[in-house]
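Each chain, letter by letter, is given below.
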Amino acid sequence: MLIAADKFKGSLTAVEVAEHVTAGLRRAVPGLDVAAVPVADGGDGTVAAALAAGFTRHEARVTGPTGTPVTATFALRADGTAVVEMAEASGLQHLPGGVFAPLTATTYGTGELLLAALDAGATSIVFGVGGSATTDGGAGMLAALGARFLDADGEPVGPGGGPLRELATADLSGLDPRLARTEIVLASDVDNPLTGPKGAPAVYGPQKGADEDDVAALDAALAHYAEVLERAVGPKAAEYALAPGAGAAGGIGYGALVGLDAAFRPGIDVMLDVLGFGPALAKATFVITGEGSLDAQTLHGKAPAGVAAAARAAGLDVVAVCGRLQLPQEALDRAGIRRAYALTDLESDPARCMAEAGPLLERAAESLARDFLV
């Protein structure tokens, strides 16, 4: 049995999910051979999955999204592969008091976190983006890495996406030279462009506290930012603004594409490679995946869909565990998931379901084992 599940957000880490599923399976089938590869799709929980796969934990003190210092974690493997999660530095969880700062939140700390990874010896970086508090197009990140963004008076523009409307010149020549020698993969399940109706401000700005006026201001500021970058680095800046992934995490995807020469790949594909899923799958005869909510988003690049696709290609049955199930069986069938076991089927109260997720998951796994393994 191979357990390759993501976290149950707000309840259980991916490692804890695997532990509880294992306990439930073995309650029904004592001595069952179980292996676990906790997975993530590039969003929050990505570094934790890498650490569970044997990467070494590193910490750095960096600038949070509103300027307050925060401690951020990244993962590094002996071969020089680092996993850096932007939410560790610039995520919503680092907003003091949970107060949004849609126009001024900065990714500067993410740039500092990338520098810390380079200082620790990283030669390739899996850059997971998601859960950001920011909509600055990655300008803060690039500034921390050595870029200069100046207004008409030659002064640095302020932090966040809003002040980019004052941007007059951009200079990327001062970017840390190690970046040119480092392979950077932008791992994300978001394929939005930078601006426009499907861009970062319009689609994700409201999640970060942006009202209608803020969204309009941010969209105009990021469009102007792309125009200034086009003058600085050429036509590729305009091309990347339209590229899939440019709008990821408030446009930090755009900054990574333009400034870091990053390659965009679906987050789950990248992470399955990095976490050693392939070798584990080769030894498996049955696969269990899952996440907190199996819903329409699951089918668009989330971890369970990626796991199910790989397992189905290998000819293996896949079942899922989840906190709540919001997909009909036909959708599960199309994704390659034979059946899903939801904790809400065992406990209808959402608050109790989250509070008791571990024991409930063991009960669900025991039922799964009796249905498929006994």
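Refer to the structure above for everything that follows.
This section reports on the structure supplied with the text. Being a predicted model, the structure only gives us computed values, none of them experimental.

As a further point, take the side chain of Glu-366. Along the chain, the position of Glu-366 falls in helix α15 (residues 357–372). When near neighbours in sequence (up to four residues on either side) are disregarded, Glu-366 contacts Gly-24, Leu-25, Arg-27 and Ala-28.

Before going further, it helps to examine the packing of aromatic side chains. Tallied over the full model, the rule gives three aromatic pairs. Seen in terms of ring centroids, Tyr-225 and Tyr-254 are 5.8 Å apart; in terms of plane orientation they differ by 70°. Their pairing is edge-to-face. Remark: Tyr-254 occurs in helix α9 (residues 248–259) and Tyr-225 occurs in helix α7 (residues 212–233); sequence separation between them is 29 residues. Accessibility assignment for this pair places Tyr-225 and Tyr-254 in one class, buried. Ring plane angle 50° and centroid distance 5.6 Å describe the contact between Phe-286 and Phe-372, whose orientation is recorded as tilted. Here Phe-286, found in strand β11 (residues 286–294), pairs with Phe-372, found in helix α15; they are 86 residues apart in sequence, far enough to count as distant. A relative accessible area of 23% means that Phe-372 is categorised as partly exposed.

Another point: α15. The terminal C-alpha atoms of α15 lie 22 Å apart, and with 16 residues this matches the ideal 22 Å at 1.5 Å per residue to within 8%. Among the residues of α15, those classed as buried are Ala-357, Gly-358, Leu-360, Leu-361, Glu-362, Ala-364, Ala-365, Glu-366, Leu-368 and Ala-369. Buried residues belonging to α15 abut α1 (14–28), β11, β12 (317–325), β13 (339–342) and α14 (350–355).

Here we take up the pairing of β12. Every regular strand shows the same layout, with side chains that alternate between the two sheet faces. Where β11 and β12 come together, eight bridges link them in parallel fashion. Each bridged residue has a counterpart across the sheet, and for Val-287 the counterpart in β12 is Val-318. A crossover connection joins β11 to the parallel β12 through helix α12 (residues 303–313); in handedness this β-α-β unit is right-handed. Note: β12 against β13, four bridges, orientation parallel. By the bridge assignment for β13, Val-321 is matched with Tyr-341. Note that the unit made of β12, helix α13 (residues 329–335) and β13 has a crossover that is right-handed.

Right, let's talk about the packing of α1 against α15 for a bit. Here α1 crosses α15 at 45°, and the two axes come no closer than 7 Å. Put simply, α1 runs oblique to α15. The handedness of the crossing between α1 and α15 is right-handed. Between α1 and α15, the residues in contact are Val-17, His-20, Val-21, Ala-23, Gly-24, Leu-25, Arg-27 and Ala-28 and Gly-358, Leu-361, Glu-362, Ala-365, Glu-366, Leu-368, Ala-369 and Arg-370, respectively. Tallied by class, the residues present in the contact of α1 with α15 amount to nine nonpolar, three polar and four charged.

Attention now moves to the pattern of salt bridges. Using the criterion set out here, one finds 18 salt bridges in the structure. A salt bridge links Arg-338 to Asp-317; the shortest N-O distance between them is 3.0 Å. With Arg-338 in the loop between α13 and β13 and Asp-317 in strand β12, this pair connects stretches of sequence that are 21 residues apart. The class for Asp-317 is partly exposed, based on a relative accessible area of 33%. Ionic contacts of the salt-bridge type, sharing partners, join the residues Asp-6, Lys-7, Lys-9 and Asp-44 into one network.

This part takes up the sheet that holds strand β6 (residues 124–128). Spatially, six strands are ordered β3-β4-β5-β6-β9-β10 in an open sheet, and the strand pairing comes out mixed. Across the chains shown, the open sheet's two edge strands, defined by having one partner strand only, are β3 (56–63) and β10 (263–266). Neighbour-to-neighbour, the strand axes of the sheet open up by a mean angle of 30°, direction not taken into account. Along the sheet face, α9 touches β6, β9 (183–188) and β10 and points at about 155° away from the line of β9. Sitting on the sheet, helix α10 (residues 267–274) is in contact with β5 (81–85), β6, β9 and β10, with an inclination near 90° to β10.

The next point concerns unusual backbone geometry. The phi dihedral of Ala-249 is positive, around 50°, even though this residue is not glycine. Assignment of secondary structure puts Ala-249 in helix α9. The backbone phi angle of Asp-261 is positive, close to 55°, even though this residue is not glycine. Tracing the sequence through the fold places Asp-261 in the loop between α9 and β10. Judged by its relative accessible area of 60%, Asp-261 is exposed.

Conventions adopted
- Residues numbered from 1 in each chain as written.
- Predicted model: local features only at pLDDT ≥ 70, side-chain atom pairs only at ≥ 80, totals over all residues.
- Heavy atoms only, no water.
- Helix = DSSP H or I, 4+ residues; strand = E, 2+ residues; numbered from the N terminus.
- Contact = heavy atoms within 4.5 Å.
- Phe/Tyr/Trp six-rings, centres within 6.5 Å; stacked < 30°, edge-to-face > 60°.
- Buried < 20%, exposed > 50% of the residue type's maximum accessible area, 1.4 Å probe, protein only.
- Expected span 1.5 Å × (residues − 1).
- Pairing = 2+ DSSP bridges.
- Right-handed = clockwise from strand over helix to strand, strands pointing away.
- Axes fitted to C-alpha atoms, helices over the stretch in contact; angles between N-to-C directions.
- Parallel < 35°, antiparallel > 145°, perpendicular 65-115°, else oblique.
- Left-handed = near helix turned anticlockwise from the far one by under 90°.
- Nonpolar A, V, L, I, M, F, W, Y, C, P; charged D, E, K, R; others polar.
- Salt bridge = Lys/Arg side-chain N within 4 Å of Asp/Glu carboxyl O.

The values are spatial; any link to function lies outside them.
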